[in-house]
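# Commentary on secondary and tertiary structure
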Amino acid sequence: MNEDIIMEREDLMLSPAGDSEPTLRTAHFLKPIANSMNVPVFQFTSSSPSSIFEPKELPLKIHFSGWRYSTHKWVCWVNQLTQKYESVWKKAGIFEAIMSSKSCCILKNQDLLYGVVEKWCCETNTFVFPFGEATITLEDIMVLGGYPILGDPVFTSLGDQKMKDIEKKLNIARKELYKSKTGKPRAPLWMDIFIDKDSEIEHEAFLATWLSVFVFPHNSMLVKSSMFPLAIHLARGNLVALAPAVLASLYKDLSLFKKTVVDLKKYHPDGGGDILPLKITLESPFYLVQIWVWERFKNLQPQPMLINHGDPLLLRWHKVQAMKVDNVRLALDSAIDDFRWRPYVRYADKCGMFYPNGEFWVPFKKDLDKEMLSFVTCMRDSELVGFDSVEQYLPHRVSMQFGMDQDVPGYVPRFNETKEIAWKNYCRPISDSNLYFPSRFFEADVTMGYAKWWRQSALDREDFVKNIVKRKRSATSRKHRPHAGTFSKSGVHLGFPSVSVEECEPVSKEYNCGGIIYEHKHFEKDLKDENGIKEAKVSGDIIVLSDSEDKSKSYAIRNKVSLYGDIIPSNIGGELSEWGVEDEIKSPFSEINVNEINKESVRSFTLDNEFDLENRIQKLERVISKLKEARFGHKVEIV
């Protein structure tokens, strides 16, 4: 049980999309890894045509009891207690989660939820997309939900008599509500007992409400007595690991949802007849599934809210209207260029997470920084202990979500005989002598063995392939590969349309290249002089720079990314290989149009744009420097 978490070895690596030549480099993997490339093909949960469904045609009624919206009464109660107990909530690691419960209203998009649940595999607790496995991890629960990963288990008992006396008082108050008209301890009635009543157990009652309504909710909004011990611990600032319990509840509900839908075929008799309606209740905070999709799938992401530093990250999606998507399944299947493996590296400063600018190894010690230890726990397979279930957690199947390379995942035995055994597995000692943390700019690859295994396990199956939109890979997908080797002499498609120099006509615009603004009337001349290029023509969204004597030395710049000055070669043949700048040339495209940029909009960039800007400027400077050095024979400083 005390195996190392990370393996480092040299291997032949491919991009996840298979759009690169195999490259021999040092790679880092999450363990366990299968011992042989000839491992048995894994059969994922069926997504065959018999179980694929259209939401509007289903006789299924779903009640999302964990999808709560705050009431005016709850907001007032939070505001009243914040000043007094904020430090306690921060000590217990629940401050951000409590703030989210009062200020975040996530509008449900049921079609999106249906579509992503169709991809769920109950055996691996992962979503199976054509481009690979992905899942909701402890990192997602910590960053989006604000729940702590470390601490005592949720089933921890009360230690001293004073804590037990408080539990007794809470139970007495709860029993009184059974005498009310409703005969149940519903949350609104429970709050009336304590708000503005100067009760000595108000804080514990408040936390019991929060846990029962927003974290581990009940279908009828009842305040559950099973939450009392946990509320008492949190009221004293004791750290409790809420994240694994919340994630366990999500995994349980995702599997319930998927299995129910698959079983619906039983209620569609071949010879006709009545369709029996079904109803399921999902008690987990299922809105986190929708937010997970929005954070990771750019093609399904609506415009988020701008938030202030220190606000809960969840507030980005407060009352945001979902995009209208005609076919969610098709959008998910064709998202190979639009899936963000590591969305939270953009919020490294805001989230306080451990996303370094450069990779490094850290010697492990018992007093490891809490942020580092939390991140390491996210990357290790374990058992997630909830209140009513124990779910297996397999992050090594989705290593690229942590900036690690992906190899064929190994088998992980279960340790779920009891909650106590499962919890010991979750918090087992770390045996690595050194811990590896990848750069937040690094994009991971897969081994050749994994590519072969994946084709056999998923991509060769008709039910996965038939919905994939086969298209050429765009430059957005391979942003930064510090260890990449030499490209193939045959070249790689970068997503530019084929435009000949003769077809290009100058247009009246401003262009920003390499940090220099060119007016349209001077653009061609200035750009040619600055870069030693003999021709520079503009056509629509494409700017073509070329050497009139050697058409292979040509470049293309898209207006949409001219704010960042990205210079991308339209031909990566022997010329660039000889220059030795392949590693630096793969800059991503932005969705920002230069014509829409002004001083105010630049100041109001979102965190996404700030991160991209920082990354691209650094790479652009290196690209231009190497290009000029190769052309002029000496190093040219960029100022």
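Values in this document were obtained by computation on a predicted structure and should not be read as measured data.

This structure, assessed with the given rule, holds 6 cavities of 30 Å³ or more. Roughly 150 Å³ of volume is contained in the second largest cavity. Along the wall of the second largest cavity there are 16 residues; nearest its centre are Arg68, Ser100, Ser101, Phe214 and Tyr287. Every element with two or more residues in the lining of the second largest cavity is listed here: α2 (95–103) and α7 (202–215). Tallying contributions element by element places α2 first for the lining of the second largest cavity, with 3 residues. Looking at the lining of the second largest cavity residue by residue, the class counts come to 11 nonpolar, 4 polar and 1 charged.

Another aspect to go through is the side chain of Thr137. Topologically, Thr137 is positioned in the loop between β6 (132–134) and α4 (138–145). Note on Thr137: relative accessible area 0%, which makes it buried. One polar contact links the side chain of Thr137 to the main-chain amide nitrogen of Glu139, over a distance of 3.2 Å. For Thr137, the contacting residues outside a window of four places in its chain are Leu247, Tyr393, Val398, Gln401 and Phe402.

As a further point, take the sheet that holds strand β4 (residues 120–121). Spatial ordering of the open sheet is given by β4-β5-β6, a layout of 3 strands whose pairing is antiparallel. Sheet topology places β4 and β6 at the edges, where each strand pairs with a single neighbour.

Of the pairings in the sheet, the one linking strand β9 (residues 382–385) to strand β10 (residues 390–393) comprises 4 bridges and is antiparallel in character. Counterpart to Glu383 in the pairing with β10 is Gln392. Counting the residues that bridge the hairpin from β9 to β10 gives 4 residues.

Counted according to the given criterion, the structure contains 40 aromatic pairs. One Lys or Arg, Lys108, reaches over the ring of Trp67 and ends 5.1 Å from the middle of that ring.

Let us now look at a nonpolar patch on the surface. A surface patch of nonpolar side chains, amounting to about 260 Å² of accessible area, comprises Leu12, Leu24 and Met448. Structurally, the position occupied by Met448 is in helix α15 (residues 448–459).

To continue, consider the pattern of salt bridges. All chains considered together, the criterion is met by 18 salt bridges. With a shortest N-O distance of 3.4 Å, Glu295 and Arg346 are connected by a salt bridge. Residue Glu295 is located in helix α10 (residues 287–296), and its partner Arg346 is located in the loop between α11 (328–333) and α12 (348–351); the two are separated by 51 residues in the primary sequence. Assessed through its relative accessible area of 0%, Glu295 is described here as buried.

Pairing is antiparallel across the open sheet formed by 3 strands, whose spatial order is β2-β1-β12. Two strands lie at the open edges of the sheet, namely β2 (23–30) and β12 (446–447), each paired on one side alone. In this structure, strand β1 (residues 6–14) lies alongside β12, joined through 2 bridges in antiparallel fashion. In the strand pairing of β12, Met13 is matched with Thr447.

Where α2 is concerned, the buried positions are Phe95, Ala97, Ile98, Met99, Ser100 and Ser101. Residues of α2 that are buried in the fold lie against α1 (72–91), α4 and α7.

Time to look at unusual backbone geometry. With an omega of 5°, the peptide bond running from Lys31 to Pro32 counts as cis. Turning to its location among the elements, Pro32 is positioned in the loop between β2 and β3 (60–64). In this structure, Asp196 takes a positive phi of about 60° despite not being glycine. The residue Asp196 is located in the loop between α6 (187–194) and α7 in this model. Residue classification places Asp196 among the exposed residues on the basis of a relative accessible area of 59%.

Another point: the confidence of the model for the protein. Confidence in the prediction for the protein averages 75 pLDDT; 65% of positions are at 70 or higher. Counting contacts from residues 47–51, a segment whose pLDDT is below 50, to residues more than four positions away or on other chains yields 12 contacts. Here residues 537–608 is modelled with pLDDT under 50, and outside its nearest four sequence neighbours on either side it reaches 197 contacts, counting other chains as well.

What follows concerns α4. Judged by how many residues are buried, α4 sits mostly within the fold: 8 of 8 residues are covered. Turning to α4, its buried residues number three or more, namely Leu138, Glu139, Asp140, Ile141, Met142, Val143, Leu144 and Gly145.

This part covers the side chain of Lys224. With respect to the helices and strands, the residue Lys224 is situated in the loop between α7 and α8 (228–235). Sequence-distant contacts of Lys224, that is, excluding residues within four places in its chain, are made with Arg174, Ser212, Phe216, Pro217 and His218.

It is at 10 Å that the axes of α1 and α2 come closest, and there the two elements cross at 170°. Regarding the angle of α1 to α2, the classification is roughly antiparallel. Along the contact surface, α1 presents Trp74, Val75, Val78, Asn79, Thr82, Glu86, Trp89 and Lys90, while α2 presents Phe95, Ile98, Met99, Ser101 and Lys102. For the contact of α1 with α2, the per-class residue count stands at 7 nonpolar, 3 polar and 3 charged.

Reading guide: rules and limits
- Residues numbered from 1 in each chain as written.
- Predicted model: local features only at pLDDT ≥ 70, side-chain atom pairs only at ≥ 80, totals over all residues.
- Heavy atoms only, no water.
- 1 Å grid on protein atoms, 1.4 Å probe; cavity = no way out; pocket = protein on both sides within 12 Å on 5 of 7 lines; lining within 4 Å.
- Points joined across faces, edges and corners; volume = space filled by probe spheres on them.
- Helix = DSSP H or I, 4+ residues; strand = E, 2+ residues; numbered from the N terminus.
- Nonpolar A, V, L, I, M, F, W, Y, C, P; charged D, E, K, R; others polar.
- Buried < 20%, exposed > 50% of the residue type's maximum accessible area, 1.4 Å probe, protein only.
- Polar contact = N/O pair within 3.5 Å; in protein donor to acceptor, adjacent residues only side chain to side chain.
- Contact = heavy atoms within 4.5 Å.
- Pairing = 2+ DSSP bridges.
- Phe/Tyr/Trp six-rings, centres within 6.5 Å; stacked < 30°, edge-to-face > 60°.
- Lys NZ or Arg CZ within 6 Å of the ring centre and 35° of its normal.
- Patch = residues over 30% accessible without salt bridge, like charges linked within 9 Å, V, L, I, M, F, W, Y side chains within 5 Å.
- Areas by Shrake-Rupley, 256 points an atom, 1.4 Å probe, with all protein chains shown as cover.
- Salt bridge = Lys/Arg side-chain N within 4 Å of Asp/Glu carboxyl O.
- pLDDT = per-residue confidence, 0-100.
- Axes fitted to C-alpha atoms, helices over the stretch in contact; angles between N-to-C directions.
- Parallel < 35°, antiparallel > 145°, perpendicular 65-115°, else oblique.

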